[in-house]
Amino acid sequence: MITFPISLLVNWQCTSQVSDLSSSEREWLFEPHSLTVKLKSRAQVFSVKVLSEKFFDLTLEQKALLGCEASTALNREVLLLCDNIPMVYAQSWLPDNQLSNQPKNPLHNMGDRPLGDVIFQNPELVRKEIEVARFDTEHPIQQLALQLNLPIQKLLGRRSVFSLKDYNFLVCEVFLPGAYLYS
């Protein structure tokens, strides 16, 4: 049984510190634009499956990473599927801004729409540095691979903090076994 949110505690590294990647791995991990658009270009049918969507308290590390004062965030966990094959596990942390006098956050009501389809349409979107991580065969993310009947193998992931005006949010993406990145 998987407990959400899936822990993504691992040694995240700046892109300048990452070596030993194939050209395909670099192409996918360092993609500066929408991963959703890139995946859609390879598939006849693209879909999103929501695994979990709940509010959680932010850790001190998450608050520092986001540079925010919010104490809670909506944690959204989804699978990005190409032709019904799970390619990417994505986890986003969308801080709760209800303590301020701002309108309700439209990113908190995405349903099965991909986050990338919404945020990359906004010309004010700023992506901070992409960080990369390796997930060994003992990492908790492997429980998801097992549940999806995917082989256990070392996995690669990336994360970025995005900003829309003064609103920062975190998006983490782990490429599952069989993802285009590994071919």
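Shown above is the structure to which this text applies.
Being a predicted model, the structure only gives us computed values, none of them experimental.

One pass over the structure, following the stated rule, counts eight salt bridges. The shortest N-O distance in the salt bridge between lysine 165 and glutamate 124 comes to 3.9 Å. Here lysine 165 is found in the loop between strand 7 (155–164) and strand 8 (167–175), whereas its partner glutamate 124 is found in the loop between helix 4 (115–119) and strand 5 (125–127), with 41 residues between them in sequence. Note on lysine 165: relative accessible area 66%, which makes it exposed. You can call glutamate 124 partly exposed: its relative accessible area is 42%. Because the salt bridges share partners, they merge into one network encompassing Glu27, Glu31, Lys38 and Arg42.

One can find serine 92 in strand 4 (residues 85–95). With residues up to four places along the chain from it excluded, the contact list for serine 92 reads Leu74, Asn75, Arg76, Leu115, Leu170 and Val171.

Our focus in this paragraph is the packing of aromatic side chains. One pass over the structure, following the stated rule, counts seven aromatic pairs. Judged by centre distance (6.4 Å) and plane angle (75 degrees), the ring pair of tryptophan 28 and phenylalanine 175 falls under edge-to-face. Here tryptophan 28, found in helix 1 (residues 23–29), pairs with phenylalanine 175, found in strand 8; they are 147 residues apart in sequence, far enough to count as distant. Considered together, tryptophan 28 and phenylalanine 175 belong to a single accessibility category, that of buried residues. When the centroid spacing of 5.6 Å and the interplanar angle of 15 degrees are considered together, the rings of phenylalanine 162 and phenylalanine 169 count as stacked. Judged by relative accessible area, phenylalanine 162 falls into the buried class, the value being 2%.

Analysis parameters
- Residues numbered from 1 in each chain as written.
- Predicted model: local features only at pLDDT ≥ 70, side-chain atom pairs only at ≥ 80, totals over all residues.
- Heavy atoms only, no water.
- Salt bridge = Lys/Arg side-chain N within 4 Å of Asp/Glu carboxyl O.
- Helix = DSSP H or I, 4+ residues; strand = E, 2+ residues; numbered from the N terminus.
- Buried < 20%, exposed > 50% of the residue type's maximum accessible area, 1.4 Å probe, protein only.
- Contact = heavy atoms within 4.5 Å.
- Phe/Tyr/Trp six-rings, centres within 6.5 Å; stacked < 30°, edge-to-face > 60°.

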